[in-house]
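# Geometric and topological summary
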There are 2 protein chains.
Amino acid sequence: MNVVQMIEKKRDGFVLAKEEIDWLIQHYTQGEIPDYQLSAWLMAICWRGMDARETRDLTLAMVNTGDQLHLRDIVSPVIDKHSTGGVGDKVTIVVAPLVAACGVAVGKMTGRGLGYTGGTIDKLESIEGLRMTLTREEFLRIFAQHHIVLAGQSGDLAPADGKIYALRDVTGTVESVALIASSIMSKKIAIGASHLLLDVKYGSRVSVKTVEQAYPLAQMMVDIGKLAGIHTVAAITSMAQPLGKAVGNAVEVKEALAILKGEGPQDVADLCYHEAAELLVMTGKEPNMLAAEARVMEALRSGRAFEKLLEVIAAQGGNTRQLEQPELLPQAPVRVMLLAPRAGYIAGIRAETIGLVSMRLGAGRFSKKDVIDHRTGLILQAKIGDYRRENEPLVEIHARTETEAEAIRAELLGAYSWSEAPVSPDPLVHEMVRP
Amino acid sequence: MNVVQMIEKKRDGFVLAKEEIDWLIQHYTQGEIPDYQLSAWLMAICWRGMDARETRDLTLAMVNTGDQLHLRDIVSPVIDKHSTGGVGDKVTIVVAPLVAACGVAVGKMTGRGLGYTGGTIDKLESIEGLRMTLTREEFLRIFAQHHIVLAGQSGDLAPADGKIYALRDVTGTVESVALIASSIMSKKIAIGASHLLLDVKYGSRVSVKTVEQAYPLAQMMVDIGKLAGIHTVAAITSMAQPLGKAVGNAVEVKEALAILKGEGPQDVADLCYHEAAELLVMTGKEPNMLAAEARVMEALRSGRAFEKLLEVIAAQGGNTRQLEQPELLPQAPVRVMLLAPRAGYIAGIRAETIGLVSMRLGAGRFSKKDVIDHRTGLILQAKIGDYRRENEPLVEIHARTETEAEAIRAELLGAYSWSEAPVSPDPLVHEMVRP
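Sequence positions are assigned chain by chain, starting from 1 and proceeding in written order. All chains are assigned letters beginning at A, and all ligands numbers beginning at 1, according to the order in which they are written. At least 70 in pLDDT is required for a residue's local features to be given in this predicted model, at least 80 for side-chain atom pairs to be given and counted, and no such filter applies to totals for whole chains, interfaces and linings, which use all residues. Excluded from the side-chain calculations are hydrogens and water; all other atoms, namely the structure's heavy atoms, are used.

Turning our eyes to something else, we now look at the environment of Asp-89 of chain B. All names here are of chain B. Position of Asp-89 among the secondary structure elements: in the loop between β1 (78–83) and α5 (91–101). Here Asp-89 is in contact with Ser-83, Lys-123, Lys-201, Leu-243 and Glu-252, once residues within four sequence places are set aside. Polar contact is defined as a pair of N or O atoms within 3.5 Å, subject to the rule that within protein one atom must be able to donate a hydrogen and the other to accept it, and that residues adjacent in sequence are counted only when both atoms are side-chain atoms. A polar contact is formed between the side chain of Asp-89 and the side chain of Ser-83, at a distance of 2.7 Å. Secondary structure follows DSSP: runs of H or I at least 4 residues long count as helices, runs of E at least 2 residues long count as strands, and numbering of each begins at the N terminus. Whether two residues touch is decided by their heavy atoms; if any such pair falls within 4.5 Å, the residues are in contact.

What follows is the structure in structure tokens.
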């Protein structure tokens, strides 16, 4: 086969055969095809796209370059979940123990955050001693023993994806439905859960500004899941404003703990409960959403969901006293309350700006080498639709220094838009995409 | 500036600023931007294109990476010509001495052929002793002394183009109006003639199948020439069939010699005379085409055009006896006449197939390392519109061995299409694009 012909074929809008995609990914991963040819091919994919069959073949070609865990051969059903990433997204920290407490196994590998705030792994690392980097054997042992495990992404799964993602990151080829879908799904297929719930956010990412743009990505991943034998459902959810009130790392863990006790902000709590119930229905644990939601509530009220989180954190070496007494989690030395500059209804809180401000406070990474400060972040005091009088609390800034808190004040205020008339926020879950 | 942002800007269809293009080309040429980023950018250009201003800026950015000869500061007017490449294209070998014999200086650097037949430089190297690789000083001295010079392309001119072309060649990014136009024009601007005649072929190249596709390329190059202060005219000419009858290297030099004596095949002779006359009008040497054509004919009849070719070949060390007695040029050991397989009017002779067959005989290069055999090639015995009876001569094959001649027979016949009814070939010159 000939690389240049394959680049030209995609450039000219033709569909690639499975054998061509397999050959390209295999030889690229082995270092036999140079980066400069692959990046031209990736840009041709951004241009021409890939159909569902090509995207599935690309996904499986990447899976085949590495190890596979086949979790569903150990316990079944076993669920996995993935979010395309939002500001204030602590849903995994809630949903994983909640579902596990309802008797469905959870095997989850999660990424570090690049862009805006930390990823789930960064947030959980606020907990002292917690080990998110597990060997294959540790991961499988904890999973088999506790029916729940939450680890960092292993480089041994779909290594082609890691290599290609690094190249996409520096060649302007991140934004492509086929490339995003295959990147996410290759890691999910390599883990090998039986059921997968995806949360596709719209309204913040450059490429997914609208529902219309989120839908093809959700549909493509559901299709790939089906073709690969994983029962996959995608929720299309709004990122019109941050999820919940806490944005950062330790502050988000605290909020997750509150949600597991039935005490968190309503928007993100509802989303967590909805996703957990959806997973119970998907896996056949409950016959319908009504019954599933009742079971979820029972797991919260009884404290079993909270206990399950303690169990997995303990199994991975974390200090559970910090969960029982959240005031022991890392705290920022400086707290400054930003007041409402005017009276009015809050009409918008730009999630991207909130994320960027949070990064500047140290809670996210500008480059891969940056070290996250788990203490810093923001606590929103009001959300879209709330009415504030002038000088009422708007955002609590958790910073390392007064200077850093002051430096982001103007940018933070710029995230807000106001209305004289009452405002209703859009529903958080726009649509469920099912196979 | 940020390379990824610049890739994304072009990917998303925006126009790049001059400063951005300058920065990118300069840093790429200095090895500070990796190939994998440039190839993604080049594919984004294939996708989104570049407007005339961007293409001019890209062209000048490439010019600025190297030396410039400023020929028009030595003698003015001085003409340059360029053909996008056709099968049987020996026009430069005729037009250069013809125009010089009419008193207009010619400074021409020419490429080696890759794809189908050799380039002008390969064809001329059929002549014993001829030196096409000249130093800058030799090039300028011969030009100043003889007002004509024909050399191989110097790597010192627009080195960015050389580096970028090599990358395009292996990343499927050759076919782009902006990239083709800037590549050609960067070398022309670096040489610095006052007048430039371009011959844009349609009907053979993958990217330029129709007049509609040739026109934007011609227009783009005329625009860039104008913006760069070179009076540029483009002829859009048909490659529906090979030019003239000889296809190869020594056989084409022989045909060029015949044309310079007024004896060559009518199609290619007319094109040469037309281009020469156009150049005399462009440079103001003659007031109109009628007067220019008369002067061209006089240069042919008087033998001064032929003498001028001898003069420049001698100045560059070539054995002029081979021009005075063309039978001394390299000759293939085997000549086989392919006969018409049927009676009929010749309706088509696919130039690409003729070129490919000629390559297989040794007259062109499959890869850069291949060595050209100057002896081999084809002599068409009939062209579109001619009537052949069955078993009348169709093509004379000049080969190294009987076996090689036999091996291409079926493919060669496949280049021909036939008609029962008379056929008129399309006019060779479709249109002149002027500033």
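Superposition of the copies was done by least squares, using only C-alpha atoms of residues whose pLDDT is at least 70 in both. Overlaying chain A on chain B yields an RMSD of 0.0 Å, the required transformation being a rotation through 180° with an accompanying axial translation of 0.1 Å. What the rotation and shift describe, once combined, is the action of a two-fold rotation axis. Proximity to the rotation axis, assessed at the C-alpha, singles out Tyr-36 of chain A in chain A; its C-alpha lies 1.8 Å from the axis. A share of 100% of the interface residues of chain A reappears at the interface of chain B, consistent with the copies meeting face to face through the same patch.

Let us look at the interface of chain A and chain B. By a frequent convention, interface size equals the accessible area lost on bringing the separate parts together. Listed per partner, the contact involves 20 residues of chain A and 20 residues of chain B. The quantity reported as buried area is the accessible area (1.4 Å probe) lost by two parts once they are put together, taken as the sum for both. Taken over both partners, the interface formed by chain A and chain B buries close to 1700 Å², and the fraction arising from carbon and sulfur atoms is 71%. When the buried surface of chain A facing chain B is broken down by residue, Tyr-36, Met-43 and Trp-47 of chain A rank first, second and third, together holding 35% of it. Here chain A is connected to chain B by 7 residue pairs in polar contact (both at pLDDT 80 or more). Put simply, the parts of the chain that give the side of chain A that touches chain B at least two residues each are α1 (3–11), α3 (35–48) and α8 (159–169) of chain A. Per element, the largest residue contribution to the side of chain A that touches chain B is 9 residues, and it comes from α3 of chain A. Residue composition of the side of chain A that touches chain B, grouped by class: 10 nonpolar, 5 polar and 5 charged. Residues are sorted three ways: Asp, Glu, Lys and Arg are charged, Ala, Val, Leu, Ile, Met, Phe, Trp, Tyr, Cys and Pro are nonpolar, and all the rest, Gly among them, are polar.

Two strands in a sheet stick together by hydrogen bonds in their backbones, pointing the same way (parallel) or opposite ways (antiparallel). All names here are of chain B. An order of β10-β8-β12 is seen for the 3 strands of this open sheet, with the pairing classed as antiparallel. Two strands bound the open sheet, and with one partner strand each, they are β10 (387–388) and β12 (416–419). One requirement defines pairing of two strands: DSSP has to find at least two bridges between them. Judged from the 2 bridges that link them, strand β8 (residues 344–349) and β10 form a sheet pairing that is antiparallel. Its bridge partner lying in β10, Gly-344 is registered against Arg-388.

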